[in-house]
Amino acid sequence: MVIQRPVWLQHLVRYPLIRDGLGLLAIAAGCRLVASATGLPVATTTLLGSIAIGVAARRCGTGLQLDFTLPLSCGMVLLGVQFVPARLAAVGPTAPLWLLGYWLLVAALFAFAVRARWFEARVGGILAVGIAGAGITAVRAAARADRSLPPDTLQLATAGILGAGALGFVATGEIARMLTLDAAATARWVGIAMPTTAEAVLVGAGHSPTAQQLTAAWRLLINVLQFVPIVGYLVLFVPDHDRPGRLRVARTTVRAIRRVPLFVWALAVVGAFAFVETFTPAERAVLQNVTNWAFLMALAGIGFNTRPGDIARLGARRIVAMVLIWITATALLLAMVCAC
């Protein structure tokens, strides 16, 4: 006798998007229950708990990967709902200069690391794009345009970004509380320094609702301008020999903008509607809860897919070097934030 699978199970097998979404929701909800019962921070519990669940799942031989792209993209787009003129004004007109200064600082630190032979030049360039805050999406966009990259560079960058993000996620909120940073200072530091948006926004939420909203504003700016570090990498390492000077830079810029993920443009559109007060305060409150859940699911996916064994395979020294560079840049940025 042939036993047929239930219809709902057939759909889970046929549509990985449904399976992954339900899996991430289950992990996030379970970790949230544990956090509520123990009094631990929900985001930290979700990250560490999902790492443990992922390790256990792989030891059972499942080999399962949970794609967190959809909840992360949804969370990113919904961030735009919270952008009102007063919040964006609180970020300040000097915000682009802060970003440019931090990007140049990270680039200088990686240039030093390349001189010290910690990394090959183009590998160091890709790692700088990711650690500077543009994140994994920007790294992937730059890597797709450079066919000369060593094959493990993308995996190395991802491991380093996740490692720095996990450390920052656990530490930055506590440091901000120890230094009694206000919401604006916390958002400026965390919003710029954290290498991933989901973790940055959740750290801001742990400080206060105002810090969360300001952190979201910083991350909007970073995601809209993420083509800038991509252009810098392409100009330095993927030259267009057929085009002189300004034409080459212009063509490279167009290529980089075309590689910016779709959710960035969607975020900008939603943010524009929010800017003209399209959403009511009640609607913003509801959608903010949805945004928090989306980022919590994305965080669960980040943890579940983290493979501690990659550290040995990709070289612990290189990953540690990436994290140390991030710590140095973050500490210098914190000093500047406190000084201002």
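Above this note sits the structure.
None of the values given here were measured: they were computed from a predicted structure.

Basis of the calculations
Residues numbered from 1 in each chain as written. Predicted model: local features only at pLDDT ≥ 70, side-chain atom pairs only at ≥ 80, totals over all residues. Heavy atoms only, no water. Core = buried A, V, L, I, M, F, W, Y, C linked by side-chain atoms within 4.5 Å. Buried < 20%, exposed > 50% of the residue type's maximum accessible area, 1.4 Å probe, protein only. Contact = heavy atoms within 4.5 Å. Phe/Tyr/Trp six-rings, centres within 6.5 Å; stacked < 30°, edge-to-face > 60°. Helix = DSSP H or I, 4+ residues; strand = E, 2+ residues; numbered from the N terminus. Polar contact = N/O pair within 3.5 Å; in protein donor to acceptor, adjacent residues only side chain to side chain.

Student: When you look at the nonpolar core in this model, what are you seeing that I'm missing?
Tutor: Grouped burial of nonpolar side chains is what soluble globular proteins tend to show. Core analysis: the largest hydrophobic core is formed by 91 residues, its most contacted members being Y102, F119 and W189. With near-sequence residues (within four places) excluded, Y102 lies in contact with I131, A132, I192, A193, W326, A329, T330 and L333.

Student: I would appreciate a short explanation of the packing of aromatic side chains in the present structure.
Tutor: Describing an aromatic ring pair means giving the distance of the ring centres and the angle of the ring planes. Counted by the stated rule, this structure contains 3 aromatic pairs. For the ring pair F110 and F119, a centre distance of 5.9 Å and an interplane angle of 40° mean the geometry is tilted. Both rings, one in Y233 and one in F237, keep their centres 4.9 Å apart while their planes meet at 35°; by these two values the pair is tilted. Here the residue Y233 and the residue F237 both occupy positions in helix 12 (residues 227–237), the gap between them amounting to 4 residues, near one helical turn. By relative accessible area, which is 3% here, Y233 ends up buried.

Student: Mind showing me how you'd approach helix 9 (residues 183–193) here?
Tutor: In terms of residue burial, helix 9 counts as a mostly covered element, since 10 of its 11 residues are buried. Where helix 9 is concerned, the buried positions are A183, A185, T186, A187, R188, W189, V190, G191, I192 and A193. For helix 9, the N-terminal capping position is held by D182, with its side-chain oxygen 3.3 Å away from the main-chain nitrogen of A184.

Student: Whenever I open this one, the side chain of T172 confuses me. Can you help?
Tutor: Structurally, the position occupied by T172 is in helix 8 (residues 153–178). According to the relative accessible area criterion, T172 is buried, its value standing at 4%. Contacts of T172, omitting those with residues within four sequence positions, involve W189, V190, M194 and V203.

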